[in-house]
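Listed below, chain by chain, are the residues.
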Amino acid sequence: MSELRKDIINGRWVILASERSKRPDDFRPAQSTPEGPPSGFCPFCQGSESKTPPEVFALRKPGSRRDRPGWRVRVVPNKFPALNRGLPPERQEDGIFQWMDGIGVHEVIIENPDHGKEIFDLPLSQVQDVLDTYRRRTDSIEDEFQYKYVHVFKNKGREAGASLSHPHSQIVATPIIPKGVNEELYSCERLHRLYGECIFCRIIRDEIRRGDRLVMDDEDFCVVTPFAPRFPFELRIYPKRHSPWYSTITRRESASLAKTLKAVLLKQKKVLADPPFNYYLHQGPNPNLPHEAWVNLEKSYHWHMEIIPVLTRVAGFEWGTDFYINPVTPETAAGFLRE
Amino acid sequence: MRKKILLVEDEKNLCLLYKEELKEAGYSVTAVLDAESALESIKKQSFDLIITDIRMPGKDGIELITRVMAMRKDVPIIINTAYQSYKNDFMTWAADAYVVKSSSMAELKAKIKELIG
């Protein structure tokens with residue numbers, strides 16, 4: 001069982017995975033990690049279903065059997081999860097130290113059966129399948145109130161943290177609201193009071209009006225390089241309809257997001273020579289929880305997607321200060337991506 | 001008929017120790033010191049079980065698993081490593097068991113028994 005511990009100084013919770021024989025050099029340089037097929041074996045490929053834990057969800061051909069081929073998207077629990085499902089953990093205290101059991105959910109979303117097809121190579125209907133799976137798993141996990149925050153993310157490429165090249169995303173649901181999300185929620189509450197509207201709705205309006213950081217725009221979504229990005233070519237996909245929760249996305253919006261996501265990832269691939277990247281959803285905490293802490297959550301927060309191509313390394317300055325140096329202005333990045 | 005185990009362990013003394021212990025437990029053991037030799041052995045004969053270390057010179061255990069699984073998906077594999085962190089690598093999912101090395105071989109022996117009797 002892993003454990004969550006709170007840093008009393010900055011309020012950040014960390015997950016300590018239970019490990020019996022951790023050694024100081026217990027990590028491997030990324031370059032020695034193999035990526036699986038075309039020549040080798042991959043546990044996520046069609047036909048290898050027996051090598052993963054039993055699936056918890058799949059979009060399948062009618063008549064195909066669970067944990068057998070015939071799926072389009074398949075979700076399995078992480079075999080060695082950072083957090084384990086369980087009852088709501090009790091927060092424990094000993095003087096200044098606070099901790100709790102590592103209760104949570106850790107799932108892997110295998111995006112398609114074909115090892116060689118990244119999400120941007122898929123037909124739009126299959127991209128929509130993946131996005132729909134994000135929604136359905138989020139919804140299902142949020143039924144259990146001990147999971148306060150559901151984080152959906154994708155790591156593509158070794159430098160972005162993926163250990164296997166078969167396209168996959170992950171979901172980690174935590175028993176606390178992570179510090180970064182918490183800060184964003186509070187900030188949105190404050191800004192909502194200050195400006196009298198959702199700050200994201202305002203950003204969307206202003207970015208579309210200015211246009212210099214706008215990469216794409218349609219009826220349902222816009223893609224922008226944020227005003228103060230931490231990383232070169234960092235991107236945000238904003239839905240135009242205000243909602244704090246991704247799970248409220250409609251079928252039409254989902255089709256539209258599939259189109260936007262595929263297009264922007266293809267642009268990024270072309271302009272930046274197929275970079276490793278991370279993307280993740282930022283959304284409100286579990287809607288089934290009481291939100292005393294965020295009185296105006298429904299009005300003040302706005303779900304969105306953030307995409308970060310891995311082009312630079314976070315180093316001493318950034319680690320030490322949480323203060324980022326970005327060599328590319330967002331206006332320049334947007335210009336390249338619009339071309 | 002003794003069940004045949006292929007043991008891949010780059011640390012010579014440990015390799016010898018495991019080999020002796022497993023022989024005493026009633027298994028036929030082929031022990032090799034690296035992944036290349038393991039692949040050669042697999043091409044020449046069939047095994048009921050493969051036990052592999054992860055961190056080895058040359059091809060590591062993860063790469064060995066990838067290659068073995070491409071050839072023979074049916075052979076059970078036990079990862080026997082001093083490190084927990086390889087659990088973050090999804091390829092380790094292909095293995096049937098993940099044992100962290102300790103001074104006792106009890107867990108390893110129990111997993112072997114579970115998988116091949």
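Each chain has its residues counted from 1, following the order in which its sequence is written. Following the order in which they are written, the chains are lettered starting with A and the ligands numbered starting with 1. Restriction of local features to residues with pLDDT of at least 70 applies here, the model being predicted, together with a cutoff of 80 or more for giving and counting side-chain atom pairs; totals for whole chains, interfaces and linings are based on all residues.

### Remarks on the overall build of chain A
The helix count covers DSSP runs of H or I at least four residues long, the strand count covers runs of E at least two residues long, and both are numbered beginning at the N terminus. Helix and strand counts for chain A come out as 7 helices and 14 strands. By the compact-globule yardstick of 20 Å for 339 residues, chain A fits well, its C-alpha radius of gyration being 20 Å. Dimensions along the principal axes, computed over C-alpha positions, put chain A at roughly 55 × 50 × 40 Å. Out of the 339 residues belonging to chain A, those deemed buried represent 35%. This entry defines residue contacts through backbone-placed C-beta atoms, with two residues in contact when those atoms are within 7 Å. Put simply, of all contacts in chain A between residues at least 6 apart along the chain, 68% involve residues at least 24 apart. Computation of the radius of gyration draws on C-alpha atoms alone. For the globule rule, the value is 2.2 Å times the number of residues to the power 0.38. For every residue, the other C-beta atoms within 10 Å of its own C-beta are counted; 20 or more classify it as buried, 12 or fewer as exposed, and values in between as partly exposed. C-beta atoms are placed from the backbone.

### A word on the pairing of strand β11 (residues 221-224) of chain A
All names here are of chain A. The alternating pattern of β11 places F221 and V223 on one face and C222 and V224 on the opposite face, and all of these are buried. In this sheet, β11 lies alongside strand β10 (residues 214-217) in antiparallel orientation, the contact comprising 3 bridges. The partner of D217 across the bridge, within β11, is C222. Counting the residues between successive antiparallel strands, the hairpin from β10 to β11 contains 3 residues. The sheet contact formed by β11 and strand β12 (residues 235-239) spans 4 bridges and is antiparallel. What sits directly across from V224, in β12, is R236. Two strands make a pair as long as DSSP finds a minimum of two bridges between them.

### Side note on the domain arrangement of chain A
All names here are of chain A. Where each domain starts and ends follows an automatic or database-derived domain assignment. Domain boundaries assigned for chain A yield domain 1 (3-18 + 39-174) and domain 2 (179-338). At the interface, 32 residues of domain 1 touch 27 residues of domain 2. Sorting the residues of the side of domain 1 that touches domain 2 by element identifies α1 (124-142) and β8 (149-156) as the ones contributing at least two each. By residue number, the principal contributor to the side of domain 1 that touches domain 2 is α1, which donates 10 residues. When the residues that make up the side of domain 1 that touches domain 2 are grouped by side-chain class, the tally is 14 nonpolar, 7 polar and 11 charged. Polarity classes work like this: nonpolar for Ala, Val, Leu, Ile, Met, Phe, Trp, Tyr, Cys and Pro, charged for Asp, Glu, Lys and Arg, and polar for all others, with Gly in that last group.

### Thoughts on the packing of helix α2 (residues 35-44) of chain B against helix α3 (residues 61-71) of chain B
Residues and elements named next belong to chain B. For helices, the axis comes from a line fit to the C-alpha atoms of the stretch in contact; other axes are also lines fit to C-alpha atoms, and the angle between any two N-to-C directions lies between 0 and 180 degrees. At their nearest, the axes of α2 and α3 sit 10 Å apart, and the two run at 15° to each other. As the angle between them shows, α2 and α3 are arranged roughly parallel. Our pair here, α2 against α3, has a crossing hand that is right-handed. Where α2 approaches α3, its residues A35, A38, L39 and I42 are matched on the opposing element by G61, E63, L64, R67, V68 and M71. Tallied by class, residues from the contact of α2 with α3 come to 7 nonpolar, 1 polar and 2 charged. The labels follow the angle: roughly parallel below 35 degrees, roughly antiparallel above 145, roughly perpendicular from 65 to 115, and oblique for the rest. Should the near helix be turned anticlockwise from the far one by less than a right angle, the crossing is left-handed, and should it be turned clockwise, the crossing is right-handed.

### Topic: the environment of S169(A)
Residue and element names in this part refer to chain A. By secondary structure assignment, the location of S169 is in strand β9 (residues 168-174). Put simply, S169 and E93 are 76 residues apart on the chain and 35 Å apart in space, counted from C-alpha to C-alpha. When sequence neighbours within four positions are dropped, the list of residues in contact with S169 reads I109, E111, V152, F153 and K154.

### A closer look at helix α3 (residues 199-210) of chain A
Residue and element names in this part refer to chain A. Expected helix span is taken as 1.5 Å per residue step, with the number of steps being one fewer than the number of residues. The end-to-end C-alpha distance of α3, which contains 12 residues, comes to 16 Å, matching closely the 16 Å that a straight helix rising 1.5 Å per residue would cover. Of the residues making up α3, those classed as buried are F200, I203, I204 and E207. Mapping the buried residues of α3 onto a view down its axis gives an arc of 100°, with all of them on the same face. The exposed set on the far side of α3, more than 90 degrees from its buried face, consists of D206 and R209. As used here, the arc is the angular range of directions from the helix axis to the C-beta atoms.

### Quick notes on the sheet that holds β8(A)
All names here are of chain A. Judged by pairing direction, the sheet is antiparallel, and its 10 strands sit side by side in the order β3-β4-β7-β9-β8-β13-β14-β12-β11-β10 without closing on themselves. The sheet is open, and its two edges are formed by β3 (57-60) and β10, each paired on a single side. Averaged over all neighbouring strand pairs, the angle between strand axes comes to 15°, with direction disregarded. Bridge analysis of strand β13 (residues 277-282) against strand β14 (residues 304-309) gives 6 bridges, and the strand direction is antiparallel. Each bridged residue has a counterpart across the sheet, and for Y280 the counterpart in β14 is E306. Sheet contacts for α1: β3, β4 (71-77), β7 (105-110), β8, β9 and β13; angle to β4, the most-contacted strand, approximately 30°.

### A short note on unusual backbone geometry
Apart from glycine, the bulk of residues carry a negative phi angle, and the bulk of peptide bonds sit in the trans form. Residues and elements named next belong to chain A. We note that A273 has phi near 55°; this positive angle belongs to a residue other than glycine. Position of A273 among the secondary structure elements: in the loop between α4 (251-271) and β13. Backbone geometry at D274 places phi at a positive 50°, although glycine is not the residue there.

### Looking at the sheet that holds strand β5 (residues 97-100) of chain B
Residue and element names in this part refer to chain B. With respect to topology, 5 strands assemble into an open sheet ordered β2-β1-β3-β4-β5, the strand pairing being parallel. The strands lining the two open edges of the sheet, one partner per strand, are β2 (28-32) and β5. Strand-to-strand twist in this sheet, taken as the mean axis angle between neighbours without regard to direction, amounts to 20°. Strand contacts of α3: β1 (4-8), β3 (49-52) and β4 (77-81), with the helix running at about 160° to β3, the strand carrying the most contacts. Along the sheet, helix α4 (residues 106-116) contacts β3, β4 and β5; its crossing angle with β5, the most-contacted strand, is approximately 165°.

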